[in-house]
Amino acid sequence: MAKKMTIFDAVEAFELYDLYEDIIDAYEAEFYTRSEMEADLRDLIEEHEEIYEFSADDGDYSESFERNLKEAISIIFDDHGLDVDFDDEYMDDDDMDVYDDESLEGGPDQDEADGAFGEDEDELF
């Protein structure tokens with residue numbers, strides 16, 4: 001069953017502390033080297049409030065956790081004007097499961113959002 005929560009909540013819920021540390025360690029030095037910010041990547045992950053969907057693959061949540069954590073890191077890098085490139089099988093754009101608060105509170109679903117441009121949207125391209 002899929003569960004929706006923030007990255008930091010998922011670390012504790014699924015007890016994936018070692019995987020979390022390994023991934024953060026892999027990108028922490030690059031963040032500090034390329035960023036003039038005083039911010040700590042670990043603090044930014046803890047404060048990252050995006051909701052992700054975690055699903056059990058082969059009995060645990062480690063694959064979806066890794067994919068979602070890397071997406072969160074990518075968003076944080078982007079927010080700070082940095083580029084991060086993941087050469088990873090988990091970073092397929094079709095697999096990203098990020099939810100905003102509106103979609104969790106009964107906001108417009110994707111079909112409504114796709115149709116917001118009207119029937120002539122194909123003519124725009």
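See above for the structure.
Analysis parameters
- Throughout this description, residue numbers start from 1 for each chain and increase along the sequence as written.
- Local features in this predicted model are restricted to residues of pLDDT 70 or higher, and side-chain atom pairs are both shown and tallied only at a pLDDT of 80 or more, whereas totals for entire chains, interfaces and linings draw on every residue.
- By convention in this description, side-chain values take in all heavy atoms of the structure and omit both hydrogens and water.
- Helix numbers and strand numbers start at the N terminus; a helix is a DSSP run of H or I with at least 4 residues, a strand a run of E with at least 2.
- Under the scheme applied here, a residue whose accessible area is under 20% of the maximum for its type counts as buried, over 50% as exposed, and between as partly exposed, the area being computed with a 1.4 Å probe on protein chains only.
- For this analysis, residues touch if any pair of their heavy atoms sits within 4.5 Å.
- Note on areas: these come from Shrake-Rupley sampling with a 1.4 Å probe, and a residue is covered only by the protein chains present in the view.
- Within 3.5 Å is the distance limit for a polar contact, defined as a pair of N or O atoms, with the added protein rule that one can donate a hydrogen and the other accept it, and that residues adjacent in sequence qualify only through two side-chain atoms.
- Salt bridges are defined by distance alone: a side-chain nitrogen of Lys or Arg within 4 Å of a carboxyl oxygen of Asp or Glu.
- The patch calculation keeps residues exceeding 30% relative accessible area without a salt bridge and links them within 9 Å when they carry like charges or within 5 Å when they are nonpolar (Val, Leu, Ile, Met, Phe, Trp, Tyr).
- His is not counted, nor are the chain ends; Lys and Arg add positive charge and Asp and Glu add negative charge.
- Lys charges are placed at NZ, Arg charges at CZ, Asp charges at CG and Glu charges at CD.
- Pairing of aromatic side chains requires ring centres within 6.5 Å, counting the rings of Phe and Tyr and the six-membered ring of Trp. Pairs whose planes differ by under 30 degrees are stacked, by over 60 edge-to-face, and all others tilted.

1. Some points on the overall build of the chain
Looking only at helices and strands, the chain features six helices and three strands. Listing each helix as α and each strand as β along the chain from the N terminus yields β-α-α-α-β-α-β-α-α. Relative to its 125 residues, the chain shows a buried fraction of 34%. In the chain, the proportion of contacts linking residues at least 24 apart, taken out of those at least 6 apart, comes to 67%. About 8300 Å² of surface is accessible on the chain, with carbon and sulfur atoms providing 40% of the total.

2. Focus on the side chain of Glu28
Along the chain, Glu28 turns up in helix α2 (residues 17-34). For Glu28, a relative accessible area of 14% puts it in the buried group. A polar side-chain atom of Glu28 sits 3.0 Å from a polar atom in the side chain of Arg42. For Glu28, the contacting residues outside a window of four places in its chain are Asp40, Leu41 and Arg42.

3. Concerning the pattern of salt bridges
Across all of its chains, the model carries four salt bridges by this definition. Between Glu66 and Lys70 there is a salt bridge; the shortest N-O distance is 3.0 Å. Of the two residues, Glu66 and Lys70 both sit in helix α4 (residues 62-79), four residues apart, roughly one turn of that helix. According to the relative accessible area criterion, Glu66 is buried, its value standing at 16%. On the basis of relative accessibility, which here comes to 6%, the residue Lys70 falls in the buried class. Within this structure, Glu21, Asp25, Glu28 and Arg42 form a network of salt bridges that share partners.

4. A short note on a negative patch on the surface
Where like charges cluster on the molecular surface, the negative patch consists of Asp9, Glu12, Asp43, Glu46, Glu47, Glu49, Glu50, Asp78, Asp79, Asp83 and Asp85. Contributing elements (two or more residues each) for the negative patch: α1 (7-13), α3 (41-47) and α4. The biggest single contributor to the negative patch is α3, with three residues. Along the polypeptide, Glu46 turns up in helix α3. For Glu46, a relative accessible area of 45% puts it in the partly exposed group.

5. Describing the packing of aromatic side chains
Scanning the entire structure with this criterion turns up five aromatic pairs. With 5.8 Å between their ring centres and 70 degrees between their planes, Phe31 and Tyr32 make a pair best called edge-to-face. Among the aromatic side chains, those forming a connected cluster through ring pairs are Phe14, Phe54, Tyr61 and Phe65.

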